[in-house]
Amino acid sequence: MKKISLLAIVSFLAIPLAANATLLGTGSLDINWSGPTGDGYYLDYDGKVTSSSFGYTTDWEEVFCVSDQNASSGIPTYDFYTITSDLPNYGSLSKAAWIADNWETFNTGGDLDILKGEAQKAIWQIMGLMNNDWVGVSGTDLLIYNAALSETNYVTANWYYAYSPSGGVGTDFQDYLTPTNPVPEPATMLLLGSGLIGLAGLGRKKFVKK
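Everything quoted here is computed from the prediction, not taken from an experiment. Within each chain, residue numbers correspond to sequence positions counted from 1 in written order. Only residues with pLDDT of at least 70 get local features here, since the model is predicted, and only at 80 or more are side-chain atom pairs given and counted; chain-wide, interface and lining totals rely on the full set of residues. Only hydrogens and water are set aside when side-chain values are computed; all heavy atoms of the structure are taken into account.

Engineer: Pulling in residues and values, what's your account of the overall build of the protein?
Structural biologist: By the criteria applied, helices consist of DSSP H or I runs no shorter than four residues and strands consist of E runs no shorter than two, each listed in order from the N terminus. If you tally the helices and strands in the protein, you get five helices and six strands. Shown N-terminal to C-terminal, the secondary structure of the protein runs as helices and strands in the order α-β-β-β-β-α-α-α-β-β-α. Remark: exposure states derive from per-residue accessible area (1.4 Å probe, protein chains only) relative to the maximum for the residue type, with buried under 20%, exposed over 50%, and partly exposed in between. For the protein, buried positions account for 42% of its 210 residues. In this analysis, two residues are considered to be in contact whenever any of their non-hydrogen atoms come within 4.5 Å of each other. Expressed as a percentage of contacts within the protein between residues at least 6 apart in sequence, the contacts between residues at least 24 apart total 69%. Summed over its atoms, the accessible surface of the protein is roughly 11,000 Å², and 57% of this surface lies on carbon and sulfur atoms. All accessible-area figures derive from a Shrake-Rupley calculation using a 1.4 Å probe, and residue coverage is judged against the displayed protein chains alone.

Rendered as structure tokens:
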């Protein structure tokens, strides 16, 4: 986000991650942002985990911003956590993850980028960022927000919490939800398909020999 509220940042940093939160490892996360926009903020984020200490990498994927710091123009290192109840901000993060899981179900045939922007606004409202009224008095963003609020015992295994700065040292950049099971790259799918075809052919040869 291009705007910063010092009070919100200080409040966020005053609540450190719990020592027993499920830290998976560190990873380098590249972020791009684009329109639509709302109140001067970009609403569509895409992320790519270029490397990690726990075997987690992705191609460019849909991600969601869950904090109000500035995005980095580089590729900083993040701490990646599972979204479990031992995180101090689990209540808000679990609802944000519900939105990340379900935003496409609110599609009425319109532009998916605009719909994702509505979901991003609902997430910022859920996270209580900058005491700003992100959602309007009506509209899809309000529908998504209210639906997320109604989920009181939501558990997800579909998203990681990417937290900056890694190890609490360095510049504090935006935090994100990144997918735990990213969509495979086309080249990866082609390679997998070729391998399966090869195995099928090998199996058939063995069968014929018998």
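Let us keep going from here.
Engineer: Could you give me a rundown of the nonpolar core, with the residues and numbers involved?
Structural biologist: Counting residues in hydrophobic clusters, the biggest one holds 50 residues, and the most contacted among them are Ile99, Tyr176 and Leu177. When residues of this core are assigned to their parent elements, the largest contribution, seven residues, is made by helix H2 (residues 90-102). Those residues in contact with Tyr176 that lie beyond four places of it in its chain are Leu29, Ile31, Tyr45, Val63, Phe64, Cys65, Val66, Ala71, Tyr78, Tyr160, Tyr161 and Ala162. What we call a nonpolar core is a set of buried Ala, Val, Leu, Ile, Met, Phe, Trp, Tyr and Cys residues that are connected through their side-chain atoms within 4.5 Å.

Engineer: Explain the pairing of strand E1 (residues 23-38) to me, using residue names and the numbers behind them.
Structural biologist: Two strands are counted as paired when DSSP detects at least two bridges linking them. Alignment of E1 against strand E4 (residues 77-82), held across five bridges, turns out to be antiparallel. Directly across from Thr26, in E4, lies its bridge partner Asp79. Connecting E1 to the next strand, strand E2 (residues 41-52), in antiparallel fashion are two residues, including Asp39 with a positive phi near 55°.

Engineer: Explain the pattern of salt bridges to me, and be specific about the residues and the numbers.
Structural biologist: Whenever a carboxyl oxygen of Asp or Glu lies within 4 Å of a side-chain nitrogen of Lys or Arg, that contact is scored as a salt bridge. For the structure on display, the rule yields four salt bridges. Taking the shortest distance from any N to any O, the salt bridge between Asp44 and Lys116 comes out at 3.0 Å. Of this pair, Asp44 sits in strand E2 while Lys116 sits in helix H3 (residues 112-126); the two residues are 72 residues apart in sequence, bridging distant segments of the chain. The shortest N-O distance in the salt bridge between Asp141 and Lys121 comes to 3.3 Å. Here Asp141, found in helix H4 (residues 140-149), pairs with Lys121, found in helix H3; they are 20 residues apart in sequence, far enough to count as distant. For Asp141, a relative accessible area of 4% translates into the label buried. Salt bridges sharing partners connect three or more residues here, namely Asp44, Glu62 and Lys116.

Engineer: An account of the confidence of the model for the protein is needed here, citing residue identities and associated values.
Structural biologist: For every residue, the predictor states its confidence as a pLDDT score lying anywhere from 0 to 100. Summarising the model, the protein shows a mean pLDDT of 83, and 77% of its residues fall at 70 or more. Under a pLDDT of 50 for its full length, residues 187-193 has, in the predicted model, one contact with residues more than four places off or in other chains. Segment residues 195-210: pLDDT under 50, and zero contacts once partners within four positions in sequence are set aside and those in other chains are kept.

Engineer: Give a detailed account of H2, specifying residues and quantitative values.
Structural biologist: Since the α-helix advances by 3.6 residues per turn, residues separated by three or four positions end up pointing in the same direction. Under the convention used throughout, the expected extent of a helix is 1.5 Å for every residue step, that is, one less than its residue count. Taking 1.5 Å per residue as the helical rise, H2 with its 13 residues ought to reach 18 Å, and the 18 Å between its terminal C-alpha atoms agrees with that figure. Of the positions making up H2, those classed as buried are Tyr90, Leu93, Ser94, Lys95, Ala96, Ala97, Trp98, Ile99 and Ala100. Contact partners of the buried residues in H2: strand E3 (61-65), H3, H4, strand E5 (159-163) and strand E6 (176-179).

Engineer: Can you tell me about the packing of aromatic side chains, naming the residues and giving the values?
Structural biologist: Working definition: an aromatic ring pair is given by the centre-to-centre distance plus the angle between the planes. Stacked, tilted and edge-to-face are the three classes assigned to paired rings of Phe, Tyr and Trp, where Trp is represented by its six-membered ring and a pair needs centres within 6.5 Å; plane angles under 30 degrees give stacked, over 60 edge-to-face, the rest tilted. A complete count under the given rule lists 16 aromatic pairs for this structure. Plain terms: the ring middles of Tyr41 and Trp134 are 5.0 Å apart, the flat faces sit at 70° to each other, and that makes the pair edge-to-face. A residue pair is termed long-range when its members are at least 10 positions apart, and Tyr41 in strand E2 and Trp134 in the loop between H3 and H4 qualify at 93 residues. Classification of Tyr41 by relative accessible area gives buried; the value is 4%. For the pair Tyr45 and Trp124, a centre-to-centre distance of 6.3 Å together with 80° between the ring planes defines the contact as edge-to-face. Separated by 79 residues along the polypeptide, Tyr45 in strand E2 and Trp124 in helix H3 bring together distant segments of the chain. The same class applies to Tyr45 as to Trp124, namely buried. Following the ring pairs from residue to residue traces out a cluster consisting of Tyr41, Tyr45, Tyr78, Trp124, Trp134 and Tyr176.

Engineer: I'd like a description of unusual backbone geometry, backed by residues and values.
Structural biologist: Cis rather than trans, the peptide bond between Gly35 and Pro36 has omega equal to 15°. Looking at the secondary structure, you find Pro36 in strand E1. The step from Ser164 to Pro165 runs through a cis peptide bond, and the omega angle for that step is 0°. Among the secondary structure elements, Pro165 is positioned in the loop between E5 and E6. Its identity as a non-glycine residue notwithstanding, Asp39 has a phi of 55°, on the positive side. You can see Asp39 is positioned in the loop between E1 and E2. On the accessibility criterion, Asp39 (51% relative accessible area) is exposed.

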